[in-house]
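The chain contents come next:
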Amino acid sequence: MNAAATMPAIDREALRRKYAEERDKRLRADGSAQYRRLESEFADLATDPYTPVTPRDPVTDHVTFAFIGGGFAGLVVGARLKAAGIDDYRIVEKGGDFGGTWYWNRYPGAQCDTASMIYMPLLEETGHMPSEKYAHAPEIREHCSRIGRQFGLYEKALFHTQVTALEWDEGANVWRIETDRGDSFTAKYVGLGTGPLHVAKLPGLPGIETFKGKSFHTSRWDYAYTGGDPEGAPMDRLADKRVAIIGTGATAVQCVPHLARDAKELFVFQRTPSSVDERNNIPIDPEWFADVAKPGWQKAWLENFVGNLGGGFASEDWVQDGWTDLGKRIRKEILALPMDQRNPKTVLAAYEDADHAKMEEIRQRAERIVEDPEAGQKLKAWYRQLCKRPCFHDEYLQAFNEPGVTLVDTDGKGVERITERGVVANGVEYPVDCIVYASGFEVGSAYTERAGFDARGRGGVTLSEHWGDTMRTLHGLHIHGFPNLFMVQPTQAANLIANVPHNIVDHADTITAVVSEAEARGAATVETTAEAESAWVDLIASGPGMNLGGDACTPGYYNNEGQGFADRTRFFAGHPMGALAYFAHIDAWRKSGEFKGLAFG
Ligand code: NDP
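The structure displayed is predicted, hence computed values, not measured ones.

Draft legend 1. Examining the site of the ligand more closely. Around the ligand sit 26 residues, and of these Asp113, Thr251, Thr272, Lys388 and Tyr557 come closest. Ala250 has a polar backbone atom sitting 3.1 Å from an oxygen atom of the ligand. Relative to its unbound accessible area of 910 Å², the ligand is 90% covered by the protein chains. When residues of the shell around the ligand are assigned to their parent elements, the largest contribution, three residues, is made by helix α10 (residues 250–262).

Structural data, given as structure tokens:
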């Protein structure tokens, strides 16, 4: 039966009130301060369980390009620069291999929520055909290694190494880089690609240090304790264990079905339910892929996805996933408005109606799938879809029908404390053998705090001093006063967060064009001018800002745990005309060969 056909009429006002009530339950004065950092505060839980640290001598040499971070950003920039003839390229990475988020996140069931065809970078260059519409983590991690091998990026890489200082040497026109492994080397150019979600956090719960059983964060999965492996083999050592998982975000949604299958008992502690729509994963058919994979196909797919998200008017939807579904629904509601009634107010109302309809379908799905009616109600998400990261899964809600699985809903209050024996919520102690923290990663803090170093540019000025309260860049990439330095991240650029790798591939093309130009000119430095940086920041700030997780939303990292980002939202945004406008602008900028806004010295 068509779900939409059975949908009750939506009372916009009543729903707004319900959303506000649910949000208010969750607001707390401590905001982001409710969390504690895994790496600095829980050293024993933060160690790398996947790769032993190999002793090595410190390096003290010079490279043309050093890139900080060995995830997609460092890999794609490296691949492009190597192809352009920049051979001595060094990645510095805190993990034991390439992969970034895919290195650390090996929890059972880890999978990409964005379709492989657009999410996995350099598919054409490597010739890799993804095995599934939504690839699982081991395949993505292997793809990272594939890029590393194919483009010779392993040769100079430094793993298990964290940058501690990055300073511009004015006299020598080089960056001086120091690390926690005693390295002290120089580079003509530096790239920063530390990623947005790399600092794991734990809830700041009283008693957390006193727990006598086993505990770990999902990004440090201890297979030696659980048994099984990242490929999904049964975690046989949990067969006699009572396990608690704290958190019900995108990570928990993926690993709960595996824990439900393998643990003797599983307690899922929920503060806010995720919206969990259908996944519909399918294997990729080699014949279909051969037909699609004609030269230039991946760029065309990337653009088609953006067009269908709402950033343009792509005619056909090739990706067909939950992201494009929402984009298409919003567009349909807006196009249904008579021309003479289209104004910002009616367009926003149309958007709200499309959102309400979508969320109602997702709520009905929870009620339909979960057999226990009370749990089915508790798993309903009461907020607009983009208030929190939308989730997609075909086994998560079903896991609550498994024997031995208990949903412990805390009505927005969260877990109270941890004891020596287990977890306390709603005044009840749940004794367990193991606690899995699916509590996410730090987001609201300053970039420089998360990076672990504060780059020092011309005149010894640090990046945090240059930025003050607001990020300042040209194209999200170049920073005045920081010559030969490139940031690879989406903000103040396309800001396309539904497919982060698209931003990365595009930045890699820009960096390669700029570095090639600087080398061809024999320039020692390339840097954006103060005027160009200011003009770009003004353009970004002239837009509506990034309104994800606004005031009406339930707290989460999208809205700084309910405290918002105040005026900074105007600067934490992308091109005011949308992602496609940014890509068109930057493409023309690169092709012009003028490199407007950059000064070569
Ligand atoms: P999140 O920050 O999204 O979720 C953390 C969870 O912990 C939330 O459910 C939160 O509740 C809960 N929590 C925190 N404190 C408490 C407490 N005291 N008591 C009970 N619950 C608590 O982290 P994730 O690791 O799930 O996801 C982080 C991001 O990683 C995602 O948003 C996504 O961007 C990315 N990701 C991407 C995937 C992909 O497919 N590409 C897959 C998985 C993750 P509350 O909601 O109330 O704050």
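Draft legend 2. The arrangement of helix α4 (residues 72–83) in detail. Its 12 residues give α4 an end-to-end C-alpha distance of 16 Å, which sits within 8% of 16 Å, the value for a rise of 1.5 Å per residue. Buried residues of α4: Phe72, Ala73, Gly74, Leu75, Val76, Val77, Gly78, Ala79, Arg80, Leu81 and Lys82, and no others. After α4 finishes, the residue Gly85 shows a positive phi value of roughly 100 degrees.

Draft legend 3. Fine view of the confidence of the model for the chain. Overall, the predicted model of the chain reaches an average pLDDT of 93, with 96% of residues at or above 70. With pLDDT under 50 throughout, residues 1–5 is counted as low confidence; its partners more than four residues away or in other chains account for two contacts.

Draft legend 4. Quick peek at the pairing of strand β4 (residues 163–169). Judged from the six bridges that link them, β4 and strand β5 (residues 174–179) form a sheet pairing that is antiparallel. Among the inter-strand pairings, Trp168 is bridged to a residue of β5, identified as Trp175.

Draft legend 5. The state of the cysteines, seen in detail. Within the structure shown, the criterion is met by one disulfide. A sulfur-sulfur separation of 1.9 Å characterises the disulfide bridge that pairs Cys387 with Cys553. Between Cys387 and Cys553 the sulfur-sulfur dihedral comes to about -75 degrees; the bridge is accordingly left-handed. Taken as a pair, Cys387 in the loop between α15 (373–378) and β12 (391–392) and Cys553 in the loop between α20 (530–541) and α21 (579–592) lie far apart in primary sequence, 166 residues in all.

Draft legend 6. Up close: the sheet that holds strand β10 (residues 265–270). Pairing within the open sheet is parallel, and its five strands lie in the order β8-β17-β9-β10-β13. Edge strands, defined here as strands with exactly one partner in the open sheet, are β8 (214–217) and β13 (405–409). Within the sheet, the average angular offset between the axes of one strand and its neighbour, ignoring direction, is 15 degrees. Against the sheet, α10 touches β9 (242–246), β10, β13 and β17 (434–437), its axis set at about 170 degrees to β9.

Draft legend 7. Geometry of unusual backbone geometry. Despite not being glycine, Asn426 has its phi angle at roughly 50 degrees, a positive value. With respect to the helices, strands and loops of the structure, Asn426 is situated in the loop between β15 (422–425) and β16 (428–431). Of the residues examined, Asn426 reaches a relative accessible area of 40% and is grouped as partly exposed. With a phi close to 50 degrees, Phe595 is a non-glycine residue in the positive phi region. Looking at where Phe595 falls in the secondary structure, it is placed in the loop between α21 and β20 (598–600). Residue Phe595 is classed as buried on the basis of its relative accessible area of 4%.

Draft legend 8. Spatial organisation of helix α8 (residues 137–150). With 14 residues, α8 should cover 20 Å at 1.5 Å per step; its first-to-last C-alpha distance of 20 Å lies within 8% of that length. α8 sits mainly inside the fold: 11 of its 14 residues count as buried. Every buried residue of α8 is accounted for by Ala137, Pro138, Glu139, Ile140, Arg141, His143, Cys144, Ser145, Arg146, Ile147 and Gly148. On its buried side, α8 packs onto α4, α5 (101–104), α6 (116–119) and α7 (123–126). Directly after α8, the chain includes Gly152, whose backbone phi takes a positive value near 65 degrees.

Draft legend 9. Layout of the sheet that holds strand β14 (residues 417–418). Taken in spatial order, the three strands line up as β14-β15-β16 in an open sheet, and their pairing is antiparallel. Only two strands of the sheet have a single neighbouring strand rather than two, namely β14 and β16. As paired strands, β14 and β15 are joined by two bridges and run antiparallel to one another. Across the sheet, Ile418 pairs through a bridge with Val423, a residue of β15.

Draft legend 10. Seen up close, the side chain of Glu139. Along the chain, the position of Glu139 falls in helix α8. There is no salt bridge for the buried Glu139, and the closest opposite charge comes from Arg146, which lies 6.4 Å off by N-O distance. Within polar-contact distance, the side chain of Glu139 engages the side chain of Ser131 at 2.4 Å.

Draft legend 11. Region of the structure containing the environment of Gln298. Mapped onto the fold, Gln298 is located in helix α12 (residues 297–311). In this view, Gln298 contacts Met117, Ile118, Met120, Pro121, Leu122, Leu123 and Glu124; residues no more than four positions away in its chain are not counted.

Draft legend 12. Spotlight on the pattern of salt bridges. Enumeration over the complete set of coordinates arrives at 50 salt bridges. Here Asp169 makes a salt bridge to Arg176, at a shortest N to O gap of 2.8 Å. Its relative accessible area of 42% is what places Arg176 among the partly exposed residues. When the shortest N-O distance is used, the salt bridge between Asp325 and Lys358 registers 2.6 Å. Within this pair, whereas Asp325 is found in helix α13 (residues 322–335), its partner Lys358 is found in helix α14 (residues 344–369), the two being separated by 33 residues in sequence. Residue class for Asp325 comes out partly exposed when judged on its relative accessible area of 24%. Residue Lys358 is classed as buried on the basis of its relative accessible area of 3%.

Draft legend 13. Looking closely at the domain arrangement of the chain. Taken as a whole, the chain is organised into domain 1 (12–39 + 200–279 + 368–437) and domain 2 (62–199 + 443–527). Computed from C-alpha atoms alone, the centre-to-centre distance between domain 1 and domain 2 is 32 Å. Here domain 1 packs against domain 2, burying approximately 1800 Å² in sum over the two surfaces, 46% of which is carbon and sulfur. On the domain 1 side of the contact with domain 2, Arg37, Gln254 and Arg279 bury the most area, a combined 33% of that side's loss. The partner of Lys94 in a salt bridge is Glu39, with the nearest N and O atoms 3.1 Å apart. Examining the composition of the side of domain 1 that touches domain 2, we find that four residues originate from one element, α10, more than from any other. For the side of domain 1 that touches domain 2, the residue count by class is eight nonpolar, five polar and seven charged.

Draft legend 14. Region of interest: the packing of aromatic side chains. Under the counting rule described, the total for this entry stands at 28 aromatic pairs. With a centroid separation of 5.5 Å and 55 degrees between ring planes, the pair formed by Phe267 and Tyr430 is classed as tilted. One end of the pair, Phe267, is in strand β10; the other, Tyr430, is in strand β16, and 163 residues separate them in sequence. On the accessibility criterion, Phe267 (5% relative accessible area) is buried. On the basis of relative accessibility, which here comes to 17%, the residue Tyr430 falls in the buried class. Measuring from centroid to centroid gives 5.8 Å for Tyr582 and Phe583, while their planes differ by 70 degrees, and the two rings are edge-to-face. Of the two residues, Tyr582 and Phe583, both sit in the buried class. Members of the aromatic cluster, each reached through a chain of ring pairs, are Phe65, Phe67, Tyr89, Tyr189 and Phe486. For the cation-ring pair, Arg106 lies above Tyr103, with the distance from its terminal atom to the ring centre recorded as 4.6 Å.

Reading the values: rules and limits
- Residues numbered from 1 in each chain as written.
- Predicted model: local features only at pLDDT ≥ 70, side-chain atom pairs only at ≥ 80, totals over all residues.
- Heavy atoms only, no water.
- Near = heavy atom within 4 Å.
- Polar contact = N/O pair within 3.5 Å; in protein donor to acceptor, adjacent residues only side chain to side chain.
- Areas by Shrake-Rupley, 256 points an atom, 1.4 Å probe, with all protein chains shown as cover.
- Helix = DSSP H or I, 4+ residues; strand = E, 2+ residues; numbered from the N terminus.
- Expected span 1.5 Å × (residues − 1).
- Buried < 20%, exposed > 50% of the residue type's maximum accessible area, 1.4 Å probe, protein only.
- pLDDT = per-residue confidence, 0-100.
- Contact = heavy atoms within 4.5 Å.
- Pairing = 2+ DSSP bridges.
- Disulfide = S-S within 2.5 Å.
- Axes fitted to C-alpha atoms, helices over the stretch in contact; angles between N-to-C directions.
- Lys, Arg positive; Asp, Glu negative; His and termini not counted.
- Salt bridge = Lys/Arg side-chain N within 4 Å of Asp/Glu carboxyl O.
- Domains from an automatic or database assignment.
- Buried area = accessible area lost by both parts, 1.4 Å probe.
- Nonpolar A, V, L, I, M, F, W, Y, C, P; charged D, E, K, R; others polar.
- Phe/Tyr/Trp six-rings, centres within 6.5 Å; stacked < 30°, edge-to-face > 60°.
- Lys NZ or Arg CZ within 6 Å of the ring centre and 35° of its normal.

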